[in-house]
Structure formats: structure tokens, C-alpha cells
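# Observations on the model geometry
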Amino acid sequence: MTREAPQVREVSTSSLVLTPAVVAHRGASGHRPEHTLEAYRTAIRMGVDDIELDLVATRDGVLVARHDLELSATTDVAERPGLAHLRRTLVVDGVEQHGWFVQDLTLAQLKTLAARERMPDTRPGNTAYDGVEGVPTLTEVLATVRAESARRGRPVGVALELKHAAHHDAIGLPLDVPLLRELARQGLDHPWARVTLMSFEAPVLRRLAARTRLPVVQLLDRGHRLTSVELDDIDDYADGLGAHTSLVLPRDAGGAAGAPSSLVRDAHRRGLTVHVWTVRAENRFLPTDLRRGTAPDALGDMAGEVRALLAAGVDGIITDHPEQALAVLRETPVPAVG
Ligand code: G3P
Ligand code: CA
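The sections below set out a description of the structure shown in this document. (Residues numbered from 1 in each chain as written. Chains lettered and ligands numbered in written order. Predicted model: local features only at pLDDT ≥ 70, side-chain atom pairs only at ≥ 80, totals over all residues. Heavy atoms only, no water.)

Glancing now at the coordination of the calcium ion (ligand 2). Around the calcium ion (ligand 2), the donor atoms from the protein are Glu 52 (OE), Asp 54 (OD) and Glu 161 (OE), and they sit 2.0 to 2.2 Å away. Mapping the donors of the calcium ion (ligand 2) onto the primary sequence yields the spacing E-x1-D-x106-E. Taken together, the residues Asp 54 in strand β2 (residues 50–57) and Glu 161 in strand β6 (residues 157–162) connect sequence positions 107 residues apart. (Donors = N, O, S within 2.8 Å, 3.2 Å for Na, K, Ca; no water. Helix = DSSP H or I, 4+ residues; strand = E, 2+ residues; numbered from the N terminus.)

Turning next to the pattern of salt bridges. For the coordinates displayed, the defined rule picks out 29 salt bridges. Where Glu 140 meets Lys 111, a salt bridge forms, and the shortest distance between an N and an O atom there is 2.7 Å. Of this pair, Glu 140 sits in helix α4 (residues 138–152) while Lys 111 sits in the loop between α3 (107–110) and α4, placing them 29 residues apart in sequence. The partner of Asp 297 in a salt bridge is Arg 284, and the shortest N-O contact between them spans 2.7 Å. In this pair, Asp 297 sits in the loop between β10 (273–279) and α11 (302–311) while Arg 284 sits in the loop between β10 and α11, placing the two residues 13 residues apart along the sequence. The network of salt bridges with common partners includes Glu 38, Arg 41, Arg 45, Glu 148, Arg 151 and Arg 152. (Salt bridge = Lys/Arg side-chain N within 4 Å of Asp/Glu carboxyl O.)

Every residue lining ligand 1 is accounted for by His 25, Arg 26, Glu 52, Asp 54, His 67, Glu 161, Lys 163, Met 198, Phe 200, Leu 219, Trp 277 and Ile 318. With respect to ligand 1, the side chain of Glu 161 contributes an N or O atom lying 3.0 Å from an oxygen atom. Between an oxygen atom of ligand 1 and a side-chain N or O atom of Lys 163, the distance comes to 2.7 Å. Coverage of ligand 1 by the protein chains reaches 92% of its 290 Å² of free accessible surface. Cavity membership is defined here by more than half of the atoms lying within 2 Å of grid points; on that basis ligand 1 lies in the largest pocket. Looking at the shell around ligand 1 residue by residue, the class counts come to five nonpolar, two polar and five charged. (Near = heavy atom within 4 Å. Polar contact = N/O pair within 3.5 Å; in protein donor to acceptor, adjacent residues only side chain to side chain. Areas by Shrake-Rupley, 256 points an atom, 1.4 Å probe, with all protein chains shown as cover. 1 Å grid on protein atoms, 1.4 Å probe; cavity = no way out; pocket = protein on both sides within 12 Å on 5 of 7 lines; lining within 4 Å. Sits in = over half its atoms within 2 Å of the grid points. Nonpolar A, V, L, I, M, F, W, Y, C, P; charged D, E, K, R; others polar.)

All right, on to the packing of aromatic side chains then. To describe a pair of aromatic rings, one takes the distance between the centres and the angle between the planes. Here the structure, examined in full by the defined rule, presents one aromatic pair. Considering the side-chain rings of Phe 200 and Trp 277, the 5.6 Å spacing of their centres and the 85° angle between planes classify their relative orientation as edge-to-face. A residue pair is termed long-range when its members are at least 10 positions apart, and Phe 200 in the loop between β7 (195–199) and α7 (202–211) and Trp 277 in strand β10 qualify at 77 residues. A cation sits over an aromatic face here: Arg 280 above Phe 285, 4.8 Å from the ring centre. (Phe/Tyr/Trp six-rings, centres within 6.5 Å; stacked < 30°, edge-to-face > 60°. Lys NZ or Arg CZ within 6 Å of the ring centre and 35° of its normal.)

Set out below in C-alpha cells:
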């Protein structure tokens, strides 16, 4: 990125700039229900560099940690008779969904819900934590990260993903306004604050880049092969890319990971970092050549995928199983300086 002060990346300790970084996806979501404070604490205990969280807004404009606007996959909302009247159909970014939506609940209503495991069949151990916690606000997550960082004597970064930003704009609940306000309130609106802002949506990232010097990361979904013109365009406003793993290690027709693409090289030439998502240990998520046995929910060779991604030059691994990525990093020799 070249918009201003290009030296910031080199001197900054901002989130996602320590590389290669291990970033806990929705917390240590392989071990706890996603986006619970215990998921974040577990990840920090494991030693992650950063936690990743998704942000959406309640009806009264409070930012909360949820991946989906629809709540029934990760909370007990469907069992709350007092909220039954809020069930409806909503089109979010062109996709019709049925259920209960964060934007329809006040924070007080949301706070009556209990969080639960999204994938109980794949991660049955996580269901032991169903109902233990509610849905945390951004404020609560930042306080938890601050407290855990202080307790452990090491800084932990946060990578904040703005979900459905254009949709929130359209319903009068823009995410970037309360986000920047909260970061400023917490003294986290400077480049060395270890906070990174991410989105799949370029317009909100451009807006943020114009209003903050926090690092901005353009997320790229699977199948999104960038042209060099698109990459130049991203370089105008972003500091890095958050790419689906298959954009770095394309999979063949059988689902096996092949030789690295040129994405990391092309990004690094422009000074853009590359973090990859989402590395998960269960067979169903791994390239076919790294699966062990035939059970989809058994653990495969995630370490093999991490090694291949690191060999491809990525700057960070965003993962549900941070302990496995950290173990690989510990086995990797640090190159001699000079
Ligand atoms: O960190 C990027 C990654 O989280 C994007 O995918 O769907 O898990 O938010 P998703
Ligand atoms: Ca995310």
C-alpha cells in the first residue's frame, strides 16, 4: 500500500504484521463455541498472536461478535418464546435467509441468548460449553484481550472483520462509525495498537483507509483469482490480503493441494501481506491428500497444510486450531540474520 507513510508497516507492531502470525479464527473455535470469550481466552492461552472476530450490529447499533446476522446456528434463540415474533425472512447480500437476525434485536434482547456450537456433529466436544456464555460485544472482547494480554505479559492483536458492511449501511446501521468510535474510546486507533480491519467489501475498506491508519486487509473468497490491475487497485487502499487457502495452494480436480500460485509473490512485490483462511484440522476441510482415513470429522494432517502454506511464503495462518499451527512454527528453524 502506498497511500501514506509507507514506513509504518516496517516499524509497526500492528496486528497481523508480526509474521508469520497465528490468528485464532473466531477464537480457538476448534475447541470452544465460536465467538465466545472462552474461545478467545483459550486461543490466547495457546499462544496466538492475534484473534479474529466478525462484527455485526444490533438494532440499537451495538457491535457484537457474530459471524452471521442470523442467530439460530450459534445461539438458542429458537427456544426463546419471547423472541418468537422476531422470526422472519431476510435477504442478506442476495441470499434469502429465515430466522432471527441480529439487526432486529436490541442489545438487551441479544444478551438473553446463550451461545452454542455451530457444528455439533463435527465438534461434539465443544457442545459441553453450550449455554455457558452469551454473545459478547466488541467492547467486552477488547476488554478480555486487554486483560489477557496484561495477565500474560505479551500483547495480543485483534483482527476485526466487518460483516455485510453494505447491508448495514442500507439499514442505517453502518459498522465503521461505531467501530472507529469504540477503537478511539479504547485508545486503539493508532498504527501500533495491534488492531487490523478486514472485510470482503472494498467500499468500506476504502472508507476506513481514508479515516484511520490502522492496517486494512482485503479479504478474498475462494475462486477469486485477481488480475494485476485488481491487485494494483487493492494496493491503493489496503495493507494486506486475507485469502482463502486455495488461492495460495490451488486444489486439483480431486481436491489435492498443488503447487503455490503466484499470489504471495505478486502481493509481496507490492508490499501487501498475505494471510490465509481458514485452516481447520478436520478431514472435511483439508485438501484430499492431507486427509487421514475416511471419517470426515476425524483429524487429518493440518500440520502438512500449514507447512505448505508457510513454504509458499504466507504471512499468517488464520485457523480454528491455533495450537497445531503454533506447533509447526515452533518446529520451523528461524533463518539466520545477515
Ligand atoms: O479471517 C477471514 C475469514 O474469517 C473470512 O471468512 O467466513 O470465516 O468470516 P469467514
Ligand atoms: Ca471472519
